[in-house]
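Geometric and topological summary
Listed below are the residues making up each chain.
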Amino acid sequence: MDEKQYMAGVFHRASASYERVGVPFFGPVAAELVRRAAPAPGDSVLDAGCGTGASLLPAADAVGPDGRVVGLDLAPGMVAAAEAEIERSGLSHASVLQGDAEQADDLLAGERFDIVLAGMMLYFLPDPLAAVRSMAGLLRPGGRLAASLLAQPAPAELEFLGAVAHALAPYTSGAGAAPFQRALNSPGELADLLEEGGLEDVRCQDVVFEVVVEAEQVWDWLWSAARRASLETIPEHLRPEARAALESALPYERFVLPRTVRFATAHRPDVPVAAG
């Protein structure tokens, strides 16, 4: 199994608890991504790496019934969860496909979108440049891409992740790290990626989201997203012991983590109008 399929499996298994353990983070980040993308009524939107629909639903509300929103995710559990949210919300103009963002232009051949959203996903891809080129190719001339990703962690988060890694070291390695393919830590690196992918007018801005995690939520929170990859290596019969060890080792009852998210917007160049 390649790393892309492996991570799709991790998120597939996380889909039931993703953003559902009482620690809101991806939802507020997704809402801010949609706000920056600024979809208008009647727009068509592609949400690449849509997860359970955190960006897809507010985008569908923004474009209204005269617009269209298509979600795309490689993890079948995420697709199923997003479909359930679409049905629950009665959004007949929204749909979800299972597929690879690096091949989005093949999966949606002939389609064109006003906006492409790429929320918290580029650094999980083995070839993010291929994904950007694929997504940019699906934009109408002048259309815009909006992306988000975690930037460098603040000292409070580094302390928290260090405590997690230390407590779980007897059971697994890497518990304090997310399994990113590329960090994309600097605004320049992200801007270069988008420009090399065929976009222009790239603008990046960092926004800090305060995340509050109670000690008894930490284990479930780690299991609900990418860091699950490390915890899954713990033998099942040792997981209760590992959880108890983690919770007893945490230095505080509550953690307030300022998590910095980098947002970027960019446009596909307009096609020059041919002389008559």
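Below or above, wherever it landed, is the structure these notes cover. (Residues numbered from 1 in each chain as written. Predicted model: local features only at pLDDT ≥ 70, side-chain atom pairs only at ≥ 80, totals over all residues. Heavy atoms only, no water.)

**Notes on the sheet that holds strand E6 (residues 200-214)**
Neighbouring strands of a sheet are bound in pairs by backbone hydrogen bonds; such pairs are parallel or else antiparallel. Short version of the rule: When DSSP finds two or more bridges between a pair of strands, those strands are recorded as paired. Working definition: helices are DSSP H or I runs of at least four residues, strands are E runs of at least two. Numbering for both runs from the N terminus. For helices, the axis comes from a line fit to the C-alpha atoms of the stretch in contact; other axes are also lines fit to C-alpha atoms, and the angle between any two N-to-C directions lies between 0 and 180 degrees. By definition in these notes, contact holds between two residues if any of their heavy atoms fall within 4.5 Å.
If you walk across this open sheet you meet the 7 strands as E3-E2-E1-E4-E5-E7-E6, and the pairing is mixed. Edge positions in the open sheet fall to strand E3 (94-98) and E6, since each of these has one partner strand only. Pairs of neighbouring strands in the sheet enclose a mean axial angle of 20°, with direction left out of account. Pairing geometry for strand E1 (residues 44-48) and strand E2 (residues 68-73), over 5 bridges, is parallel. Note that in E2 the partner of Leu46 across the bridge is Val70. Contacts from helix H6 (residues 128-137) reach E1, strand E4 (113-119) and strand E5 (139-150) within the one sheet, and its direction differs from that of E5 by about 145°.

**A short note on the packing of aromatic side chains**
Let me state the cut-off plainly: We call Phe, Tyr and Trp rings a pair once their centres come within 6.5 Å, taking the six-membered ring for Trp, and we label the pair stacked below 30 degrees between planes, edge-to-face above 60, and tilted otherwise. Partly exposed describes any residue whose relative accessible area lies between the buried limit of under 20% and the exposed limit of over 50%, with all areas from a 1.4 Å probe on protein chains only and scaled to the type maximum.
The final tally for this structure, using the stated rule, is 11 aromatic pairs. Seen in terms of ring centroids, Phe25 and Phe209 are 6.4 Å apart; in terms of plane orientation they differ by 90°. Their pairing is edge-to-face. Placement of Phe25 in the loop between helix H1 (3-14) and helix H2 (26-37) and of Phe209 in strand E6 is noted, with a sequence separation of 184 residues between them. Take Phe25: its relative accessible area is 1%, and that puts it in the buried class. Classification of Phe209 as buried rests on a relative accessible area of 14%.

**Digging into the packing of helix H7 (residues 155-168) against helix H11 (residues 239-249)**
Filter applied, for reference: Roughly parallel refers to an angle under 35 degrees, roughly antiparallel to one over 145, roughly perpendicular to one between 65 and 115, and oblique to any angle outside these ranges. Less than a right angle of anticlockwise turn of the near helix away from the far helix marks a crossing as left-handed, whereas a clockwise turn marks it as right-handed. When residue character is reported, Ala, Val, Leu, Ile, Met, Phe, Trp, Tyr, Cys and Pro are called nonpolar, Asp, Glu, Lys and Arg charged, and the others, Gly included, polar.
As a packed pair, H7 and H11 sit with axes 9 Å apart at the nearest point and diverge in direction by 135°. Taken together, the axes of H7 and H11 are oblique relative to one another. Here H7 and H11 pass one another in a crossing that is right-handed. Judged by residue contacts, Val164, Ala167 and Leu168 of H7 engage Ala242, Ala245, Leu246 and Ala249 from H11. Here the contact of H7 with H11 is composed, by residue class, of 7 nonpolar, no polar and no charged.

**Concerning the packing of H6 against helix H8 (residues 187-196)**
Contact pair H6 / H8: the axes reach a minimum separation of 8 Å and the direction vectors enclose 50°. For the element pair H6 / H8, the angle class is oblique. Here the hand of the crossing between H6 and H8 comes out right-handed. Here Pro128, Leu129, Val132 and Arg133 of H6 lie close against H8, whose contacting residues are Leu193, Leu194 and Glu196. Residue composition of the contact of H6 with H8, grouped by class: 5 nonpolar, no polar and 2 charged.

**Points about the pairing of E1**
Strand residues, when the strand is regular, have side chains that alternate between the two faces of the sheet. This is how it is decided: When the strands point away from the viewer and the path from the first strand over the helix to the second turns clockwise, the crossover is right-handed.
Most of E1 sits inside the fold, with 5 of its 5 residues counted as buried. Here E1 shows a buried face lined by Ser44, Leu46 and Ala48 and a second buried face lined by Val45 and Asp47. Each parallel crossover has a hand, and for E1 linked through helix H3 (residues 56-63) to E2 it is right-handed. Here E1 pairs with E4 via 4 bridges, running parallel. Its bridge partner lying in E4, Leu46 is registered against Val116.

**Looking at H6**
Counting buried positions along H6 gives 7 out of 10 residues, so the element sits mostly inside the fold. Those residues of H6 not exposed but buried are Pro128, Leu129, Ala131, Val132, Ser134, Met135 and Ala136. Of the surrounding secondary structure, the elements contacted by the buried residues of H6 are E1, helix H5 (104-107), E4, E5 and H8.

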